[in-house]
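# A structural walkthrough
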Amino acid sequence: MSTPFIGKREYFPGIGRIPYEGLGSDNPLAFKHYDANKKIGDKTMAEHLRFAVCYWHSFCNAGHDPFGPGTRHYPWDAPLAANDSPLARAEAKIDAAFEFFTKLGVPYYCFHDIDMAPDADDVATYEKNLKHMVALAKDRQKASGVKLLWGTANLFSHPRYMNGAATNPDFAVVARAAAQVKNALDATVELGGENYVFWGGREGYASLHNTNMKRELDHMARFLTMARDYGRSIGFNGVYLIEPKPMEPMKHQYDFDSATVAGFLLKHGLDRDFKLNIEANHATLSGHTFEHDLQVASDHGLLGSIDANRGNAQNGWDTDQFPTDLYDTVGAMLVVLRQGGLAPGGLNFDAKVRRESTDAEDLFLAHIGGMDAFARGLEVAHALLTRSPWETWRQQRYASFDSGAGKDFENGKLKFADLHALASSSGEPAKISGRQERYENLLNQYLLR
Ligand code: XUL
Ligand code: CO
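Our subject in this report is the structure included herewith. (Residues numbered from 1 in each chain as written. Chains lettered and ligands numbered in written order. Predicted model: local features only at pLDDT ≥ 70, side-chain atom pairs only at ≥ 80, totals over all residues. Heavy atoms only, no water.)

### Concerning the packing of helix H6 (residues 171-190) against helix H7 (residues 213-233)
Condition: A fitted line through C-alpha atoms serves as each axis, taken over the contacting stretch for helices, and the angle formed by two N-to-C directions is quoted from 0 to 180°. Numbering of helices and strands runs from the N terminus, with a helix taken as a DSSP run of H or I at least four residues long and a strand as a DSSP run of E at least two residues long. Angle categories: roughly parallel below 35 degrees, roughly antiparallel above 145, roughly perpendicular from 65 to 115, and oblique for all the rest. We call a crossing left-handed when the near helix sits turned anticlockwise from the far one by less than a right angle, and right-handed when that turn is clockwise. Should any heavy atoms of two residues lie within 4.5 Å, those residues are counted as being in contact.
It is the contact of H6 with H7, at a shortest axis distance of 10 Å, that shows an interaxial angle of 30°. As the angle between them shows, H6 and H7 are arranged roughly parallel. For the pair H6 and H7, the crossing hand works out as right-handed. On H7, the residues that touch Val174, Ala177, Ala178, Val181, Lys182, Leu185 and Asp186 of H6 are Phe223, Ala227, Tyr230 and Gly231.

### A closer look at the pattern of salt bridges
Counted only if it meets this: The term salt bridge refers to a side-chain nitrogen of Lys or Arg lying within 4 Å of a carboxyl oxygen of Asp or Glu.
Following the criterion strictly, the structure yields 17 salt bridges and no others. Several salt bridges share partner residues, and in doing so they unite Arg228, Asp229, Arg232 and Asp273 into one network.

### Structural notes on the packing of helix H3 (residues 86-104) against helix H12 (residues 360-387)
Definition in use: Any residue that is not Ala, Val, Leu, Ile, Met, Phe, Trp, Tyr, Cys, Pro, Asp, Glu, Lys or Arg is counted as polar, Gly included; the first ten are nonpolar and the last four charged.
It is the contact of H3 with H12, at a shortest axis distance of 11 Å, that shows an interaxial angle of 45°. Put simply, H3 runs oblique to H12. The way H3 lies across H12 gives a crossing that is right-handed. Contacts from Phe100, Lys103 and Leu104 of H3 reach H12 at Leu363, Phe364, His367, Ile368 and Met371. Here the contact of H3 with H12 is composed, by residue class, of 6 nonpolar, 1 polar and 1 charged.

### Observations concerning the layout of surface pockets
Our working rule: In the cavity and pocket records, a cavity denotes points on a 1 Å grid over the protein atoms alone where a 1.4 Å probe fits but cannot get out, a pocket denotes an open set with protein on both sides within 12 Å along at least 5 of 7 lines, and lining residues are residues with an atom within 4 Å of a point. Grid points are joined across faces, edges and corners, and a volume is the space filled by probe spheres set on the points. Start and end positions for the domains come from either an automated domain assignment or a database one.
Of the voids in this model, the largest pocket is the one considered here, and its volume is about 1600 Å³. Lining the largest pocket we find 43 residues, and of these His57, Asn61, His64, Asp320 and Lys352 sit closest to its centre. Breaking the lining of the largest pocket down by element, the ones donating at least two residues are helix H2 (55-60), helix H4 (113-116), strand E5 (147-152) and strand E6 (195-199). The greatest single-element share of the lining of the largest pocket, amounting to 3 residues, is contributed by H2. Across the lining of the largest pocket, the residue classes break down as 13 nonpolar, 13 polar and 17 charged. What the second largest pocket holds in volume is close to 600 Å³. Taken together, 22 residues make up the lining of the second largest pocket; nearest its centre are Glu291, Leu334, Trp390, Tyr439 and Leu443. Among the secondary structure elements, those contributing two or more residues to the lining of the second largest pocket are helix H10 (290-299), helix H11 (326-338), helix H13 (390-396) and helix H16 (436-447). Taken together, the residues of the lining of the second largest pocket sort by class into 7 nonpolar, 8 polar and 7 charged. Structurally, the lining of the second largest pocket is a two-domain feature, drawing no fewer than three residues from each of domain 1 (39-387) and domain 2 (390-447).

### Examining the coordination of the cobalt ion (ligand 2)
How we decide: Counted as donors are N, O and S atoms no farther than 2.8 Å from the metal, or 3.2 Å for Na, K and Ca; water is not among the atoms, and sites may therefore look incomplete. Tetrahedral means four donors with every angle between 85 and 135 degrees, whereas square planar (four donors) and octahedral (six donors) require angles over 155 degrees between opposite donors and between 65 and 115 for all others; sites fitting neither are termed irregular. Only protein chains enter the area calculation, which uses a 1.4 Å probe; residues under 20% of their type maximum are buried, those over 50% are exposed, and those in between are partly exposed.
Ligation of the cobalt ion (ligand 2) by protein atoms is provided by Glu243 (OE), Glu279 (OE), Asp307 (OD) and Asp350 (OD), these donors lying 1.9 to 2.1 Å from the ion. Coordination geometry of the cobalt ion (ligand 2): the 6 donor atoms subtend angles of 80 to 171° at the metal centre, consistent with an arrangement described as octahedral. The sequence motif formed by the donor residues of the cobalt ion (ligand 2) is E-x35-E-x27-D-x42-D. Within this pair, whereas Glu243 is found in strand E8 (residues 239-243), its partner Glu279 is found in strand E10 (residues 274-279), the two being separated by 36 residues in sequence. Assigned by exposure class, Glu243 and Glu279 land together as buried.

What follows is the structure in structure tokens.
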């Protein structure tokens, strides 16, 4: 991936391949920490982090919000001089996207069916558009070496999905949603996608007054089971991912958080094929930290991939800002390293530049900042786990379970009455400090090194 992919026209002129220049550089268009080939332990940074750019925020969203239209000018989305049509604009957009991926130097991208191809009410036209664009994507993947981290279907934008997709009370809509997922799975297989994501867009409710929650959840399980079987039947060997989110757009979303989705997958026997795609801003919307939802997923053996972004501490929206907080990235990478990595998942920037960020260059700056923040998070987390006393301290905190009665308790060798007997003969337990501050100071020490 040394020469950037340039299609019929160059969309980001004046910007070349983003180099690594290190901390001594003040060049805004250079990496300060992300050095793709630098070894951290036994893997390179690129292998650990597996970065992906998302198609939707980066090339489809020109900055519109509920109060006004987009603010950015996307040349690929403007009327084209000759043969203007939705499909011609989609063709221009895919060239812009692959130019961006290769100039930035990311190994992966992610897309929804209708980010890449024009939508249509009529299933046959929708399919024709998608097949046409997938063929172009396949060519561009081959030419650039950029790969597909995951594909997905947008089952939330079209008005037909206002009451949900797989959980819609109208079976006709459930079937229409399946037609889209079938096509998005076909596309993912055709493009060699390593994962397939289900984000439950409007799977949830606005009011319990009109909702049979149990029936809707059973429908969701049935739908996912059928989609899984279809995917396997056409040769999809990758990981299915559910992306939890507690609210927005619905008042309550069924895939609320890691713990809720883990319970759902286990209940419906889906935990062998499905894992979780944890998005930072979704975790914080559910009242947790990013690190918490990652840890819960990982503890269930279900942490599959990450949507990297951040929310805003002062409001409760899904602001999808680019990740820059080093405490967040260190925390995330501690969980990822402890479970031995993310592959075949990765770190997808499900993030958008601010509405006020209107230069083409801003999209580069945002991704560079996010990649640097995770690269530094990786370095610090790796150093904490391999060179500092962090893990030893954490292990020592549980030392009473490593031998004697504590070990027997863990191994199920004691009866409840045995605990009573032990407590009665041992006196008041000594106080043992949790020493939270000691860990916080150690983290800062390594971060500032
Ligand atoms: C929405 C969100 C989606 C999913 C893919 O909040 O995160 O973009 O990642 O459908
Ligand atoms: Co997401």
